[in-house]
There are 2 protein chains.
Amino acid sequence: MTRTRRVTIRDVAVRAGVSVATVSRVLGGDYPVLPATRNKVMRAVRELDYVPNAHARALSASLPGAVAIVVNSVAVPYYAYIAQGVEEQAALEGRLSLICTTGGDTGRELAIMQMMREQRAEAVILVGSVIVDEEYRQRMAEYAHSLDAAGSRLVLCGRPPLGEGVPALVVGFDNTGGAYAVTAHLLSAGHRRILYLGLRPGHSTSDSRVAGYRRALADYGVPADPALEVKADFSRESGYAALSRRLAEGPPDFTAIFAGNDLVAAGAIQALREHGLRVPDDISIVGYDDVPPAADLGLTTVHLPHDELGRAAVRLALAREPAGPITLGTHIVVRDSVRPVTP
Amino acid sequence: MTRTRRVTIRDVAVRAGVSVATVSRVLGGDYPVLPATRNKVMRAVRELDYVPNAHARALSASLPGAVAIVVNSVAVPYYAYIAQGVEEQAALEGRLSLICTTGGDTGRELAIMQMMREQRAEAVILVGSVIVDEEYRQRMAEYAHSLDAAGSRLVLCGRPPLGEGVPALVVGFDNTGGAYAVTAHLLSAGHRRILYLGLRPGHSTSDSRVAGYRRALADYGVPADPALEVKADFSRESGYAALSRRLAEGPPDFTAIFAGNDLVAAGAIQALREHGLRVPDDISIVGYDDVPPAADLGLTTVHLPHDELGRAAVRLALAREPAGPITLGTHIVVRDSVRPVTP
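These figures come from a predicted structure and were not determined experimentally.

## Some thoughts on the pattern of salt bridges
Thinking step 1. Taken as a whole and judged by the stated rule, the model has 34 salt bridges over all chains.
Thinking step 2. Note that D253(A) and R193(A) form a salt bridge whose closest N and O atoms lie 3.3 Å from each other. Taken together, the residues span a long stretch of sequence, with D253(A) in the loop between α10 (236-248) and β8 (256-259) and R193(A) in the loop between α8 (175-188) and β6 (194-199) at a distance of 60 residues.
Thinking step 3. Close ionic contact of D307(B) with R311(B) constitutes a salt bridge, the shortest N to O distance being 3.5 Å. You can see D307(B) and its partner R311(B) sitting in helix α12 (residues 306-319), four residues apart, about one turn around the helix.
Thinking step 4. Because the salt bridges share partners, they merge into one network encompassing E88(A), D307(A), E308(A), R311(A) and R315(A).

This is the structure:
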């Protein structure tokens, strides 16, 4: 049987009467090119139906070669930055990538997984904090097995491993280590009454941060006080509401706040302002994630290599060989939201 | 020929021994449900291979019923919020949605469009500022015609219409009106030397904002000064760099800044701080978009209904009837970044 030779970038250059470098510049889109030149090149691309090499694999009948990342919402920077990393790495590896959002809806997640399995996506990356219960483990195990059967791979990002025998890869952040470090940062500044704002019992991400907070308190010989662990979802609104309620009950019985993430911290800072409390003069505060608006708030926080997590997930999935869980380190970013306690 | 009856939510409820309300609560995922109950329901879902109604359409062989949105990057709030609106509306209309990012790479855009055409996505929504030249018009016209031929629809978001005969729908913001209003806001406060930071000749979005800026100046009888229109990409880094260069040349020859978007404004505010200039005491500044960190910076800006743009794009695409361009209005959000000029 005969196979038509694939059109190359050289064919396009010849047809357009320009250099190969010019063609790749035009397709790359990141250099200024004269419109007339762009016209010639894009016309040649269309006439020859040229498929840029890096994307050829993704253009077969279905989606093999495509990498899908599934998140709750792209309007949350934490997810958006991880997705960004996935797409950068996918592009480097010659894959197209798709972002799907569930809005936290299990039905939508199920529909997305079924579609990706039918489309034989090369890898499906699930991101985000979850309630780890038996139903969750069952659901994930079934996703993993059915994707595996379809020649696709499941990668869990920022989620606990599913255990032996389940064909799922795992990459995550060292949340306990980061939480330990930032709590120790407050303790070293003399703080002893540190409010943890963002308790979400059962949620994997928050739980691992609370664990680091408690461990640091223990290592500094500070008794953990359940009254200092306050529930809040990982949203700005929730952080604002939870701290506003707390401050309405009376003057703060804490000198510092460890917010579950930067959005919670932003909401908390707004609540502090409205109660006439200054940061850091009256109350010190730290966040987690190092996403906007952390820098603009001068917030000391824990930096997470979001894009690197996304890239690692893609590299792991495409390596096509078994690998144990990968945990990426974190580090504190010190800004202006913490002041030492003067006894 | 026989057709097997579709499994309904009622069947799942019966199998799981719970109410229909409980099943939809479990699948909805937005109410707390006992793990044991979730287990029963999800097991029934799996055993019956139940496909939540809202997603049934998206689960046929290919992607018909899926809505794709194509943006440069989801790490940019402007895009993320529009994508969010697309997905909310798509879910409401029983479609799955996919986000694809190009990284501004024409080759990736081409590959994505080819994939979506092959997969017969129901609608493809292209978002973002572009250089409108002949090559662009040709490329878009071909996307529009080939998607149309495949029974899919092309929607351009925040981009100019392609003209008669091209089967593309258009939704956008009234950028000229918003820029006029926020410039008039500065002029009413007595400012006459207003720096426009974010000139990008040929870029549709920036051009429409500059047009509103110039028109407002004209209506207030203030001669436009080309020296006050400064180039900057729509990024924080670019805004910071461009204003830093300007301030390094000497003391500001302006009393107010109109930043092309909020990210540029954030970078500009950082540059002002580093030059010992206070906002708004020394320099007033306004932004555009009303996305983070606008609120945290107390930035007066132009609010864009991002999510509504995304929803409108989906409604328009699924209406399956021709419609003229839709333009969504904008409004100013007044915060604390503008102070009246005292002569």
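## Considering the domain arrangement of chain A
All names here are of chain A.
Thinking step 1. Per the domain assignment, the segments of chain A are domain 1 (9-52), domain 2 (62-173 + 306-328) and domain 3 (176-304).
Thinking step 2. For domain 2 and domain 3, the distance between their C-alpha centroids amounts to 30 Å.
Thinking step 3. Between domain 2 and domain 3, the residue contacts involve eleven residues of the former and ten residues of the latter.
Thinking step 4. Summed over both sides, the interface of domain 2 with domain 3 buries roughly 950 Å², with 60% coming from carbon and sulfur.
Thinking step 5. For the domain 2 face of the interface with domain 3, the top three residues by lost area are Y78, S129 and H306, together amounting to 43%.
Thinking step 6. There are zero salt bridges connecting domain 2 and domain 3.
Thinking step 7. Element by element, the count of residues in the side of domain 2 that touches domain 3 is highest for helix α5 (residues 77-92), at three residues.
Thinking step 8. The class makeup of the residues in the side of domain 2 that touches domain 3 is eight nonpolar, three polar and no charged.

## Overview of the pairing of strand β5 (residues 168-173) of chain A
All names here are of chain A.
Thinking step 1. In terms of residue burial, β5 counts as a mostly covered element, since six of its six residues are buried.
Thinking step 2. Where burial is concerned, the two faces of β5 agree: the one with A168, V170 and G172 and the one with L169, V171 and F173 are both buried.
Thinking step 3. For strand β4 (residues 153-157) and β5, the ladder comprises four bridges, and the chain directions are parallel. Residue pairing for β5: C157 is matched across the bridge by V171.
Thinking step 4. By the bridge criterion, three bridges tie β5 to strand β11 (residues 326-328) in an arrangement that is parallel. In the sheet register, G172 faces β11, and the bridge partner there is T327.

## A closer look at the packing of aromatic side chains
Residue and element names in this part refer to chain B.
Thinking step 1. For the structure shown, the criterion picks out twelve aromatic pairs over all chains.
Thinking step 2. Taken together, a centroid distance of 5.6 Å and an interplanar angle of 80° make the contact between Y78 and Y79 edge-to-face. Accessibility classification places Y78 together with Y79 in one group, the buried group.
Thinking step 3. With a centroid separation of 5.6 Å and 40° between ring planes, the pair formed by Y196 and Y213 is classed as tilted.

## Describing helix α10 (residues 236-248) of chain B
Residue and element names in this part refer to chain B.
Thinking step 1. A rise of 1.5 Å per residue sets the reference length of α10, with its 13 residues, at 18 Å; its end C-alpha atoms lie 18 Å apart and thus fit the reference within 8%.
Thinking step 2. Taken residue by residue, α10 has S238, G239, A242, L243, S244, R246 and L247 as its buried positions.
Thinking step 3. Contact partners of the buried residues in α10: β6 (194-199), β7 (229-231), β8 (256-259) and α11 (262-274).
Thinking step 4. Looking one or two residues past α10, G250 carries a phi angle of roughly 155°, positive in sign.

## Observations regarding the side chain of S97(B)
Thinking step 1. If you trace the backbone, S97(B) turns up in strand β2 (residues 96-101).
Thinking step 2. Within the structure, S97(B) has its side chain in polar contact with the side chain of E87(B) (distance 3.0 Å).

## Considering the environment of Y180(B)
All names here are of chain B.
Thinking step 1. If you trace the backbone, Y180 turns up in helix α8 (residues 175-188).
Thinking step 2. A relative accessible area of 25% places Y180 in the partly exposed class.
Thinking step 3. In this structure, the C-alpha to C-alpha distance between Y180 and R215, residues 35 residues apart in sequence, is 6.7 Å.
Thinking step 4. Excluding anything up to four places from it in sequence, Y180 contacts G212, Y213, R215, A216 and D219.

## What to know about the interface of chain A and chain B
Thinking step 1. Each partner contributes to the interface: chain A provides 61 residues, whereas chain B provides 61 residues.
Thinking step 2. For the pair chain A and chain B, the two sides together bury roughly 5000 Å², of which 54% comes from carbon and sulfur.
Thinking step 3. In this assembly, chain A and chain B are joined by two salt bridges.
Thinking step 4. At the boundary of chain A with chain B, the tally comes to nine residue pairs in polar contact (both at pLDDT 80 or more).
Thinking step 5. Where the side of chain A that touches chain B is concerned, the elements lending two or more residues are α2 (20-28), α3 (35-47), α5, β2 (96-101), α6 (106-118) and α7 (134-149) of chain A.
Thinking step 6. The greatest single-element share of the side of chain A that touches chain B, amounting to ten residues, is contributed by α6(A).
Thinking step 7. Within the side of chain A that touches chain B, the residues separate by chemical class into 30 nonpolar, 16 polar and 15 charged.

## Focus on the packing of α10(A) against helix α11 (residues 262-274) of chain A
Residues and elements named next belong to chain A.
Thinking step 1. Running from amino to carboxyl end, α10 crosses α11 at an angle of 40°, the nearest separation of the two axes being 7 Å. Crossing hand, α10 versus α11: right-handed. Contacts between α10 and α11 pair R236, G239, Y240, L243, S244 and L247 from the former with L263, V264, A266, G267, A268, Q270, A271, L272 and E274 from the latter.

## Some details on the relation of the copies chain A and chain B
Thinking step 1. With an RMSD of 0.1 Å, the operation that places chain A on chain B is a rotation of 180° combined with a shift of 0.0 Å along the axis. The symmetry that links the two subunits is that of a two-fold axis. Nearest to the rotation axis, the C-alpha of I99(A) is located 2.4 Å from it, this being the minimum over chain A.

## As for the pairing of strand β3 (residues 123-127) of chain B
Successive residues of a regular strand alternate their side chains across the two faces of the sheet.
Residue and element names in this part refer to chain B.
Thinking step 1. Most of β3 is tucked away, with five of its five residues classed as buried.
Thinking step 2. Of the pairings in the sheet, the one linking strand β1 (residues 66-71) to β3 comprises four bridges and is parallel in character. Bridge pairing links I69 to I125 in β3.
Thinking step 3. With five bridges connecting them, β3 and strand β4 (residues 153-157) associate as parallel partners. Note that in β4 the partner of I125 across the bridge is V155.

## Some details on the nonpolar core
Thinking step 1. I125(A), L243(A), F258(A), I125(B), L243(B) and F258(B) are the most contacted members of the largest nonpolar core, which has 144 residues in total.
Thinking step 2. Discounting residues that sit within four places of it in the chain, L243(A) has contacts with L195(A), L197(A), F254(A), I257(A), A268(A), A271(A) and L272(A).
Thinking step 3. A13(B), V26(B), A121(B) and A168(B) belong to the second-largest nonpolar core, a separate cluster that totals 80 residues.

## A closer look at α7(A)
All names here are of chain A.
Thinking step 1. A rise of 1.5 Å per residue sets the reference length of α7, with its 16 residues, at 22 Å; its end C-alpha atoms lie 22 Å apart and thus fit the reference within 8%.
Thinking step 2. Those residues of α7 lying buried are E135, Y136, R139, M140, A141, Y143, A144 and L147.
Thinking step 3. The distance from a side-chain oxygen at the start of α7 to the backbone nitrogen of E135 is 3.2 Å, and the residue carrying that oxygen is D133.

The rules behind each value
- Residues numbered from 1 in each chain as written.
- Chains lettered and ligands numbered in written order.
- Predicted model: local features only at pLDDT ≥ 70, side-chain atom pairs only at ≥ 80, totals over all residues.
- Heavy atoms only, no water.
- Salt bridge = Lys/Arg side-chain N within 4 Å of Asp/Glu carboxyl O.
- Helix = DSSP H or I, 4+ residues; strand = E, 2+ residues; numbered from the N terminus.
- Domains from an automatic or database assignment.
- Contact = heavy atoms within 4.5 Å.
- Buried area = accessible area lost by both parts, 1.4 Å probe.
- Nonpolar A, V, L, I, M, F, W, Y, C, P; charged D, E, K, R; others polar.
- Buried < 20%, exposed > 50% of the residue type's maximum accessible area, 1.4 Å probe, protein only.
- Pairing = 2+ DSSP bridges.
- Phe/Tyr/Trp six-rings, centres within 6.5 Å; stacked < 30°, edge-to-face > 60°.
- Expected span 1.5 Å × (residues − 1).
- Polar contact = N/O pair within 3.5 Å; in protein donor to acceptor, adjacent residues only side chain to side chain.
- Axes fitted to C-alpha atoms, helices over the stretch in contact; angles between N-to-C directions.
- Left-handed = near helix turned anticlockwise from the far one by under 90°.
- Least-squares fit on C-alpha atoms with pLDDT ≥ 70 in both.
- Core = buried A, V, L, I, M, F, W, Y, C linked by side-chain atoms within 4.5 Å.

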